[in-house]
Amino acid sequence: FAAQTYGLPSSEPLVLKWVKVAGIRDLSLGLATLGLLVFQPSALRVFAPSACLVALGDAVMTLDGPFPAPYQHVFGSVGILVLSIASWLDRQLDADGDGYRKF
């Protein structure tokens, strides 16, 4: 019922539906991260920790799942956490007005 309410076709297996939704979500987050890195790097200080919550949530939900799914999510979370820490430690992002590029 939840998949139909969300608007997913009911002819596909539930697992395939979830993979499609999560894949689109992850692709969108990746593209947004890349866009911020190129055009507004200082925004990564807020965006990366927020995106890390999504990855951590996926990791927690799959901890009892089959190998290697839990580890992929944990390593993905660690990668996003490293990006979060690096963005806060990067002193070039402290300069007012210099941390962005225009189209």
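Let me sum up the structure you'll find in this document. (Residues numbered from 1 in each chain as written. Predicted model: local features only at pLDDT ≥ 70, side-chain atom pairs only at ≥ 80, totals over all residues. Heavy atoms only, no water.)

### Observations regarding the overall build of the protein chain
Of regular secondary structure, the protein chain possesses 4 helices and 0 strands. In the protein chain, the succession of helices and strands from N to C terminus is α-α-α-α. Looking at the protein chain as a whole, 18% of its 103 residues are labelled buried. Of all intrachain contacts in the protein chain linking residues separated by at least 6 positions in sequence, the fraction that spans at least 24 positions is 54%. When the accessible surface of the protein chain is split by element, carbon and sulfur atoms take 71% of a total near 7500 Å². (Helix = DSSP H or I, 4+ residues; strand = E, 2+ residues; numbered from the N terminus. Buried < 20%, exposed > 50% of the residue type's maximum accessible area, 1.4 Å probe, protein only. Contact = heavy atoms within 4.5 Å. Areas by Shrake-Rupley, 256 points an atom, 1.4 Å probe, with all protein chains shown as cover.)

### Side note on the pattern of salt bridges
When their charged atoms lie close together, side chains carrying opposite charge are able to pair. A full pass over the atoms with the stated rule returns 2 salt bridges. A salt bridge links Arg25 to Asp58; the shortest N-O distance between them is 2.5 Å. Here the residue Arg25 occupies a position in helix H2 (residues 14-39), and Asp58 occupies one in helix H3 (residues 44-61), the gap between them amounting to 33 residues. Taking the relative accessible area as the measure of exposure, Asp58 reaches 8% and is therefore buried. One salt-bridge network, in which partners are shared between bridges, spans Arg25, Asp26 and Asp58. (Salt bridge = Lys/Arg side-chain N within 4 Å of Asp/Glu carboxyl O.)

### Remarks on the packing of aromatic side chains
Counted under the stated rule, the structure contains 1 aromatic pair. With centroids separated by 5.6 Å and ring planes inclined at 55°, the aromatic side chains of Phe67 and Tyr71 adopt a geometry described as tilted. (Phe/Tyr/Trp six-rings, centres within 6.5 Å; stacked < 30°, edge-to-face > 60°.)

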